[in-house]
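Fold and contact review
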Amino acid sequence: MRLNFIQSLIIVCMVALATQITRWTPFLVFSGGRKFPKMVEDLGRLLPPAMMGLLVVYSLRNTDLFTGSHGLPEAIAVAVTAGLHLWRRSTLLSILAGTAVYMLLVQLVFV
Amino acid sequence: MPHKSFPAALKAAFPHTVPILTGYLAVGLAYGLLMASKGYNFLWSGFVSAFAFCGSMQYVAITLLTTAFDPLSAFFLSLMVNARHLFFSLALLPKYRGLGRLRYFLIYTLSDENFSLSSTVEPPEDADPTLFYFAMSLLTWLYWVAFSMLGGLIGGLITFDISGIDFALTALFVVLFIEQVIKQENRPAGFMGLACSVAGLAMFGADSMVIPAMVLTLIALLLGRKKLCA
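1. Focus: the packing of helix H2 (residues 38-59) of chain A against helix H5 (residues 84-96) of chain B
At their nearest, the axes of H2(A) and H5(B) sit 8 Å apart, and the two run at 130 degrees to each other. As far as their axial angle goes, H5(B) and H2(A) are oblique. Viewed along their axes, H2(A) and H5(B) form a crossing whose handedness is left-handed. Here H2(A) contributes Val40(A), Glu41(A), Leu43(A), Gly44(A), Leu47(A), Pro48(A), Met51(A) and Leu54(A) to the contact with H5(B), which in turn contributes Arg84(B), Phe87(B), Phe88(B), Leu90(B), Ala91(B), Leu93(B) and Pro94(B).

In structure tokens form, the structure reads like this:
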């Protein structure tokens, strides 16, 4: 059960168009050589750390705290990743170890 | 200057993209496989990935492709799910301003992952900044397209258990969050974003957390801006 060729193409174009609008709007609004308003400059400085906070939560949004494994595999793997990173500051090591721990937990421990 | 060439930029950029390579391996393969199971072959997955390039929204789009034809809902749903990109590009405005024509590709491919890298990783001194950012974005875009197509072609042949490998993307965000808040001046804003997003998730649930989280974060940052940027 799927849409026909033309309908599918239209849906994909709609998704792509909306996505691109979210990426281009700020650039189009503040295009040209104009100096940014102070507020935009401040947001440019404050948003990167704030949005990294949002992405951490967003990527864990489907974790179920109330049933199943109660978010324990996620909590442990995030703790391993963060702890290792604060200790050694090696991005690859932290991510690979955290991911390996998570895979072991969901495949062998919390099945 | 030969050391400022594109291959040099690729070489400098590649290590930063390895976590994304790992994460996309799982998520991209699964996407291609799922599309194929709904009657969209690997050419379709490759096309959607290259053209729309919007990760989790492409999963949502599978639902849109397999129910009654409704282009307006598709448009508004994508707008809401991807509203967070508004803030990504707002945050990168100053950084991308000096980058010439290649920045159009950087904006086109401004995913969660590319935003994280571009806003946190600084180009090494021996690489051209524009080419360095371009190389990172190009690599992640290619990974996504290639794995989506591969999933549609051979996804069904994978027999070993890779479940949980998509945690690589969460781990990437955790690490880059730490890299941000390790700097004293970024700490309040980082934890404000974290707290506002938890609040958005708690109040509105997983499917509609993005916009409330953005609004709360924006209010918190604007209220604290004079103090934080003094």
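Having seen it, we continue.
2. A look at the packing of helix H1 (residues 5-29) of chain A against helix H3 (residues 56-65) of chain B
For the pair H1(A) and H3(B), the least separation of the axes is 10 Å and the interaxial angle reads 150 degrees. One element, H1(A), and the other, H3(B), form an angle in the roughly antiparallel class. The two elements H1(A) and H3(B) meet at a crossing, and its hand is right-handed. Residues Ser8(A), Ile11(A), Val15(A) and Thr19(A) of H1(A) lie in contact with H3(B), whose contacting residues are Met57(B), Ala61(B), Leu64(B) and Leu65(B). When grouped by side-chain class, the residues that make up the contact of H1(A) with H3(B) number six nonpolar, two polar and no charged.

3. A closer look at the confidence of the model for chain A
Mean pLDDT for chain A: 92, with 99% of residues reaching 70 or above. Ranking the elements of chain A by mean pLDDT puts H2(A) last with 91 and helix H3 (residues 72-88) of chain A first with 97.

So, how was this worked out
- Residues numbered from 1 in each chain as written.
- Chains lettered and ligands numbered in written order.
- Predicted model: local features only at pLDDT ≥ 70, side-chain atom pairs only at ≥ 80, totals over all residues.
- Axes fitted to C-alpha atoms, helices over the stretch in contact; angles between N-to-C directions.
- Helix = DSSP H or I, 4+ residues; strand = E, 2+ residues; numbered from the N terminus.
- Parallel < 35°, antiparallel > 145°, perpendicular 65-115°, else oblique.
- Left-handed = near helix turned anticlockwise from the far one by under 90°.
- Contact = placed C-beta atoms within 7 Å.
- Nonpolar A, V, L, I, M, F, W, Y, C, P; charged D, E, K, R; others polar.
- pLDDT = per-residue confidence, 0-100.

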